Amino acid sequence: MTRSEHEMRLLIIEDDRESADYLVKAFREVGHIADLASDGEEGLALAESGDYDVLVVDRMLPKRDGLAVIGALRDKGNRTPALILSALGQVDDRIKGLRAGGDDYLPKPYAFAELLARVEVLSRRRGGPAEETSYRVGDLELDRLSHRVTRGQDELTLQPREFRLLEYLMKHAGQVVTRTMLLENVWDYHFDPQTNVIDVHISRLRSKIDKGFERPLLHTIRGAGYMIRDGAR
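In this report, the structure presented in the accompanying data block is examined. Predicted model only: the values in this text are computed from it and were never measured.

Things to note about the pattern of salt bridges
Tallied over the entire structure, the rule returns 19 salt bridges. A salt bridge links Asp-35 to Arg-9; the shortest N-O distance between them is 3.2 Å. A residue pair is termed long-range when its members are at least 10 positions apart, and Asp-35 in strand S2 (residues 33-37) and Arg-9 in strand S1 (residues 9-13) qualify at 26 residues. Ionic pairing is found between Glu-41 and Arg-64, a salt bridge with its closest N-O pair at 3.4 Å. With Glu-41 in helix H2 (residues 40-49) and Arg-64 in the loop between strand S3 (54-58) and helix H3 (66-75), this residue pair connects regions lying 23 residues apart in the sequence.

Points about the packing of aromatic side chains
For the structure shown, the criterion picks out two aromatic pairs. Among the aromatic residues, ring-to-ring pairing joins Tyr-22, Phe-27 and Phe-112 into one connected group.

What to know about the environment of Ala-45
Take Ala-45: it is sitting in helix H2. Distance in space between the C-alpha atoms of Ala-45 and Val-69 is 9.5 Å, their sequence separation being 24 residues.

Focus: the sheet that holds strand S5 (residues 104-107)
The strand order S2-S1-S3-S4-S5 describes an open sheet built from five strands, whose pairing is parallel. Single-partner strands in this sheet number two, and they are S2 and S5. When strand polarity is set aside, the average angle formed by the axes of neighbouring strands in this sheet is 20°. For S1 and S2, the ladder comprises five bridges, and the chain directions are parallel. The residue bridging Leu-11 from the neighbouring strand is Asp-35, located in S2. With respect to the sheet, H2 is in contact with S1, S2 and S3, its orientation differing from that of S2 by roughly 140°.

Focus on the environment of Arg-164
Inspection of the secondary structure puts Arg-164 in helix H6 (residues 160-171). Within the structure, Arg-164 has its side chain in polar contact with the backbone oxygen of Val-186 (distance 3.1 Å).

Quick word on the sheet that holds strand S6 (residues 134-137)
Taken in spatial order, the four strands make up an open sheet running S6-S7-S8-S9, and their pairing is antiparallel. Every other strand in the sheet has two partners, leaving S6 and strand S9 (154-156) as the edge strands with one partner each. On average, each strand axis in the sheet is inclined to that of its neighbour by 20°, with strand direction left out of account. The pairing of strand S7 (residues 140-143) with strand S8 (residues 148-151) spans four bridges and is classified as antiparallel. In the strand pairing of S8, Asp-143 is matched with Arg-148. Here H6 sits on the sheet and contacts S6, S7 and S8; the angle it forms with S7, its principal contact strand, is near 115°.

Considerations on the environment of Pro-160
Along the chain, Pro-160 turns up in helix H6. A relative accessible area of 32% places Pro-160 in the partly exposed class. C-alpha separation for the pair Pro-160 and Glu-29, spaced 131 residues apart in sequence, amounts to 6.7 Å. Filtering out sequence-adjacent residues up to four positions away, Pro-160 remains in contact with Glu-29 and Val-30.

Considering the packing of H2 against H3
Two elements in contact, H2 and H3, have axes whose closest approach is 9 Å; the angle formed by their N-to-C orientations is 30°. With respect to H3, the axis of H2 lies roughly parallel. Between H2 and H3 lies a crossing whose hand is right-handed. On H3, the residues that touch Gly-40, Leu-44, Ala-47 and Glu-48 of H2 are Val-69, Ala-72 and Leu-73.

Points about the packing of helix H7 (residues 179-187) against helix H8 (residues 197-209)
Put simply, H7 and H8 touch, their axes get as near as 11 Å, and they point 80° apart. The angle between the axes of H7 and H8 places the two elements in the roughly perpendicular class. Contact residues: H7 offers Arg-179, Leu-182, Leu-183 and Trp-187, while H8 offers Val-197, Ile-198, Asp-199 and His-201. Here the residues of the contact of H7 with H8 are counted per class, giving five nonpolar, one polar and two charged.

What counts, and at which threshold
Residues numbered from 1 in each chain as written. Predicted model: local features only at pLDDT ≥ 70, side-chain atom pairs only at ≥ 80, totals over all residues. Heavy atoms only, no water. Salt bridge = Lys/Arg side-chain N within 4 Å of Asp/Glu carboxyl O. Helix = DSSP H or I, 4+ residues; strand = E, 2+ residues; numbered from the N terminus. Phe/Tyr/Trp six-rings, centres within 6.5 Å; stacked < 30°, edge-to-face > 60°. Pairing = 2+ DSSP bridges. Axes fitted to C-alpha atoms, helices over the stretch in contact; angles between N-to-C directions. Contact = heavy atoms within 4.5 Å. Polar contact = N/O pair within 3.5 Å; in protein donor to acceptor, adjacent residues only side chain to side chain. Buried < 20%, exposed > 50% of the residue type's maximum accessible area, 1.4 Å probe, protein only. Parallel < 35°, antiparallel > 145°, perpendicular 65-115°, else oblique. Left-handed = near helix turned anticlockwise from the far one by under 90°. Nonpolar A, V, L, I, M, F, W, Y, C, P; charged D, E, K, R; others polar.

Take a look at the structure:
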């Protein structure tokens, strides 16, 4: 199984089990790989041995606190971007976190949408030239950072998989996207392309982005795949 184009591999270092399980589940639901360490020593060992795009580090950890973990990594030349989560949200606390080698600092409580957006920004910085943060086809617009989709004046509510599907289609607007491409890049599946999982999600997505609008944008290209484009043919 290969990693999809926008998939991130994350290490979450968090000792609060409920918070940790929530983060792992939330990141996996939006299509990313999330590993978990429950204390600073385990987190340091995993961070040193794994190729991660971003580290999400709780500041107050058993065995070795989050700032010490990041400091030890930086001392060894590990530049993996690190976002610090902390209940300590004062300016001085944020400054200490950034000076310790953190790349971003998010006080608790936080909204997962904001955490996700910040992690995506850190991942793009590491990966080289910045990718598009939004796509637009006709009056349909998708914002990758806020996970917001609008058509005209209407805001559309998409499930995580529908969002990834639309994102991939819009990135390749005007091009035929085959079922195999979708299976490999949106689902990470390598099996019979005749499966109906794509048809089901395309149907749901079409009902959300095209139903009630005069001009359809999502088109089925018979025998080839699907295409997002402005204007009927």
